[in-house]
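Observations on the model geometry
Letter by letter, the chains look like this.
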Amino acid sequence: ADTAMTGEISLTGNVLAVGGVAEKVRAAQKIGISRVIVPEANALEARQALKEEAPFRPSNSTGSHGDGAGAGASPSSSSSLSSQKKTKVQVIAVRSLDEAIEAAIVNGNPWTAFLRDQGHGQGHGQGGTSQTQQAQLAAKL
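Owing to the predicted nature of the structure, the values given are computational and were not obtained by experimental measurement. (Residues numbered from 1 in each chain as written. Predicted model: local features only at pLDDT ≥ 70, side-chain atom pairs only at ≥ 80, totals over all residues. Heavy atoms only, no water.)

Comments concerning the sheet that holds strand β5 (residues 90-94)
- Pairing within the open sheet is parallel, and its 3 strands lie in the order β1-β4-β5. Each of the sheet's edge strands pairs with one partner strand only, and the pair in question is β1 (3-5) and β5. The average angle at which neighbouring strand axes cross in this sheet is 25°, direction not considered.
- Of the strand pairs in this sheet, strand β4 (residues 35-39) and β5 are connected by 5 bridges, and their pairing is parallel. Counted as the bridge partner of R35 is Q90 from β5.
- Relative to the sheet, helix α2 (residues 43-51) contacts β4 and β5, its axis offset from that of β5 by approximately 170°. (Pairing = 2+ DSSP bridges. Helix = DSSP H or I, 4+ residues; strand = E, 2+ residues; numbered from the N terminus. Axes fitted to C-alpha atoms, helices over the stretch in contact; angles between N-to-C directions. Contact = heavy atoms within 4.5 Å.)

Overview of the nonpolar core
- Counting 10 residues, the largest nonpolar core is built from V21, V25, A28, I33, V36, V38, A43, A46, V89 and V91.
- Of all elements in the fold, only α1 (21-30), β4 and α2 reach the threshold of two or more residues within this core.
- Examining the composition of this core, we find that 3 residues originate from one element, α1, more than from any other.
- One finds I37, I92, V94 and A100 within the second-largest nonpolar core, a separate group that totals 6 residues. (Core = buried A, V, L, I, M, F, W, Y, C linked by side-chain atoms within 4.5 Å. Buried < 20%, exposed > 50% of the residue type's maximum accessible area, 1.4 Å probe, protein only.)

Overview of α1
- Along α1, the residues classified as buried are V21, A22, V25, R26, A28 and Q29. One side of α1 carries all its buried residues, which in axial view fall inside an arc of 160°.
- One or two residues past the end of α1 sits G32, with phi positive at roughly 95°. (Arc of directions from axis to C-beta.)

Quick notes on α2
- Among all positions of α2, only A43, A46 and A49 are buried. All buried residues of α2 project into a common sector of 130° when viewed along the axis, lining one side. Among the exposed residues of α2, those oriented more than 90 degrees off its buried face are L44 and K51.
- Check the buried side of α2 and you find it contacts α1, β4 and β5.

Function cannot be read off these values alone, since they describe shape.
Set out below in structure tokens:
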């Protein structure tokens, strides 16, 4: 699957809020990305960005446009861009690095499934996996 993600990872494994999420989500939608993983603290901003149109930004002195419409674009040409068929984007909100990895990998994180199958729950506080378990997982991949 095509997935984009943004956020800041703390030293304790929490996913922290970042700026510019609305613009990032719109850009992902524009290029056809169907899943965007964002910090839980930015989820509302991301979902709202998909519901509203990006504002038109007139050309600045360097001739570039904030909306990517190209040099010399007018509000009417900008609106024609928004009339193009848009990709449906699923916003996935996460709080931790584990959740981000689980969400990013199609069909989930293979380590999580392996540990669950081995009776280790999520593997936290259980001493991790042995070399034999790691070799078994590698063979499955």
